[in-house]
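Descriptive structure summary
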Amino acid sequence: MSEYHKPDTNNLQELRDIANKLRVHSIRSTSASNSGHPTSCASMAEIMSVLFFHTMRYKLSSPKDASSDRFILSKGHAAPILYAAWAEAGLFPTEELMNLRKIDNDLEGHPTPRLNFVDVATGSLGQGLSVACGMAYVGKFYDKASYRTYCLIGDGESAEGSIWEALSFAGIKKLDNLVAIFDINRLGQSEPTAFQHDMDAYRSRLEGFGWNTLVVDGHDIEAICKAFHEASQTKGKPTCLLAKTYKGKGFPAIEDAENWHGKPLGAKAEEVISAIEGQIKNPGPNNLVPQKPLHEDAPKVDISNIKLASPPKYNKGDKVATRQAYGTALSKLAENNQRVIALDGDTKNSTFSNAMLKTDPARYIECFIAEQNLVGVGIGAACRDRTVAFVSTFAAFFTRAFDQLRMGAISQTNINCVGSHAGISIGEDGPSQMALEDLAMFRSIPSSTVFYPSDAVSTERACELAANTPGLCFIRTSRPGTAVVYDNDHQFEIGKGNVIKSSGSDKVLVIGAAITLREAMTAADQLASEGINLRVMDLFTIKPIDKDGIIKNARECGGRIIVVEDHYAEGGIGEAVLSAVAMERDIIMKHLAVPRIPRSGKCDELLEMFGISASAVVKAAKEISSL
């Protein structure tokens, strides 16, 4: 363990000066935009000064260098001081800070990766620590590199359950390359926080989660320097700095006062700036060099052109659950690329992500039953293109992490979510386990690609395509076995559907997926004997949807479409198809979907009861073909 060396008097003063310069920048920029959170910035000024000008290692020429330390500002509303720190470090001119929150500038109200020094968007509170956990996990176990991860958290947002999920995860995984800093400034948005300055309450909770916990005066530069040194020497557990601070620190008549959250200082700004500048000994350029030499030990990573180690190998007609085919695909992808990883929330023997345990146990991350943290860790693990992350659980449980997914899109994340046990076809487990909103949820997320494979062959290829597709991907898998309908060498494309059954005299186009594709095929066989031919189409991706293919096939079937889906009517396949044909003349559609909250029962019983069985398709086809 290296001995702590206290910075000399000049350096300590320089760090104090930088902290006050950051305060001034935060006041001026929020005044220029007439909006923002200068008091929230002021409480963390000393922490930011020490981090950026004493502790962290990073490259100004390449802020996201693979070997550089990571910093996540979980309390994203304090963005002005983050921008000020990078500007003071020399990444861009400090004059640019005056463009805060302007529509033609990327210094937005909360950080986003439009900026080259931001890894993930923050501002929806409580999410930063999970992302930091994912980064730290990759650094410790996959990169095996020297870089460290720092996450600054507000005391108000520490009430979020996702913070406590992340604290538990980091303690269990012994992420000793992770440092969390709680800015405990006592005041929330509308009133004091639950624990205010009860530092012992915070300490006991953090220690209970297995963290090395240090209580510090968050405005004492030397104490902060010493605490970060201790963190760097601590092995076998993550470190948390519980920094006792004051909101609006250094602002006369505003420090530690209520009703100043999210407000520029207005007429008081110049008076406050004058008071702060009076404490700065060196008003000129900083004498501290922010860039420490990096340990260039993060390995080069190639996550392009990921392929299955071997093609699908199934027999047509065999019944294979698509969730099982996902496990097979995951294993094949992992065999071919060392950076394919799997994360799950204690459902691995149901989602079949446990296939990774046979391929490489080290590349399986158990996140336990904590879906918000599960998604956040996946987003962090995928940052800086260090891994290709497949995140799986029951599709219904992704609803718990919708905010993480929404923020993931803003963060330009590339993760692959795989949701099993979709729809009423899961049977006896009942509605709490049935994903019936998942397609609507994932379709609503900008930048998402939504796969709904119907058999084992298409599932393997969906996983392969997702591994190479930018943005957030969702793959919906099913519990019951479905018949293999594709040749093993079938070529799949995102946004291209496939006609499974057709003739020269089809009267209705029926669109289904997985279990309802089976029902559509059964209905088609039954009606063929009655002289009514159905064309059956499998979309493969619901977003983007094969608009041209749908319209072409619908016109060839007299403009008649039936959509049958194992999902609620709102937001699923039916509404996607309706959007595709909305501007087309002479096309009508009948929509069969789950109409109400279902119940326990056997799969076939439920399909019949809730109107998405083969008999329902037969009835609908007779009705629509006679119009």
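Cut-off values and rules
Residues numbered from 1 in each chain as written. Predicted model: local features only at pLDDT ≥ 70, side-chain atom pairs only at ≥ 80, totals over all residues. Heavy atoms only, no water. UniProt positions renumbered as here; feature names shortened; annotations may be inferred. Salt bridge = Lys/Arg side-chain N within 4 Å of Asp/Glu carboxyl O. Helix = DSSP H or I, 4+ residues; strand = E, 2+ residues; numbered from the N terminus. Buried < 20%, exposed > 50% of the residue type's maximum accessible area, 1.4 Å probe, protein only. 1 Å grid on protein atoms, 1.4 Å probe; cavity = no way out; pocket = protein on both sides within 12 Å on 5 of 7 lines; lining within 4 Å. Points joined across faces, edges and corners; volume = space filled by probe spheres on them. Nonpolar A, V, L, I, M, F, W, Y, C, P; charged D, E, K, R; others polar. Pairing = 2+ DSSP bridges. Axes fitted to C-alpha atoms, helices over the stretch in contact; angles between N-to-C directions. Contact = heavy atoms within 4.5 Å.

An unreviewed UniProt entry lists the chain under the name transketolase, from Penaeus vannamei. UniProt, in its Subunit (unreviewed entry) section for the chain, records the words "Homodimer." Taken verbatim from the UniProt record of the chain, the Sequence similarities (unreviewed entry) comment is "Belongs to the transketolase family."

Tallying each qualifying case throughout the model produces 33 salt bridges. The residue Asp429 makes a salt bridge to Arg479 at a minimum N-O spacing of 3.3 Å. Here the residue Asp429 occupies a position in the loop between strand S10 (415-420) and helix H15 (438-443), and Arg479 occupies one in the loop between strand S12 (473-476) and strand S13 (481-483), the gap between them amounting to 50 residues. By relative accessible area, which is 42% here, Asp429 ends up partly exposed. With a relative accessible area of 29%, Arg479 lands in the partly exposed category. Two residues, Lys590 and Glu623, come together in a salt bridge whose shortest N-O distance is 3.5 Å. Of this pair, Lys590 sits in strand S19 (residues 588-594) while Glu623 sits in helix H21 (residues 614-625), and the two are 33 residues apart along the sequence. Using a relative accessible area of 31% as the deciding quantity, one classes Lys590 as partly exposed. Look at Glu623 and you get partly exposed, because its relative accessible area is 36%. Through salt bridges with shared partners, a single network forms among Asp506, Arg535, Lys552 and Glu556.

In this section: the layout of surface pockets. In this model, the largest pocket occupies a volume close to 570 Å³. Taken together, 24 residues line the largest pocket, and the ones lying closest to its centre are Thr55, Arg57, Arg148, Ser232 and Gln233. Of the residues forming the lining of the largest pocket, the biggest block, five residues, is contributed by helix H8 (residues 221-233). Along the lines of polarity and charge, the residues of the lining of the largest pocket split into six nonpolar, eleven polar and seven charged.

A word on the sheet that holds strand S14 (residues 498-501). Read from one edge to the other, the open sheet built from five strands follows the order S14-S16-S15-S18-S19, with strand pairing classed as mixed. In the strand order of this sheet, the two ends are held by S14 and S19, each with one partner. On average, adjacent strands in this sheet sit at an angle of 25 degrees to one another, irrespective of strand direction. In this sheet, strand S16 (residues 533-538) lies alongside S14 in antiparallel orientation, the contact comprising three bridges. Counted as the bridge partner of Val499 is Met537 from S16. Along the sheet face, H21 touches strand S15 (506-512), S16, strand S18 (560-568) and S19 and points at about 160 degrees away from the line of S19.

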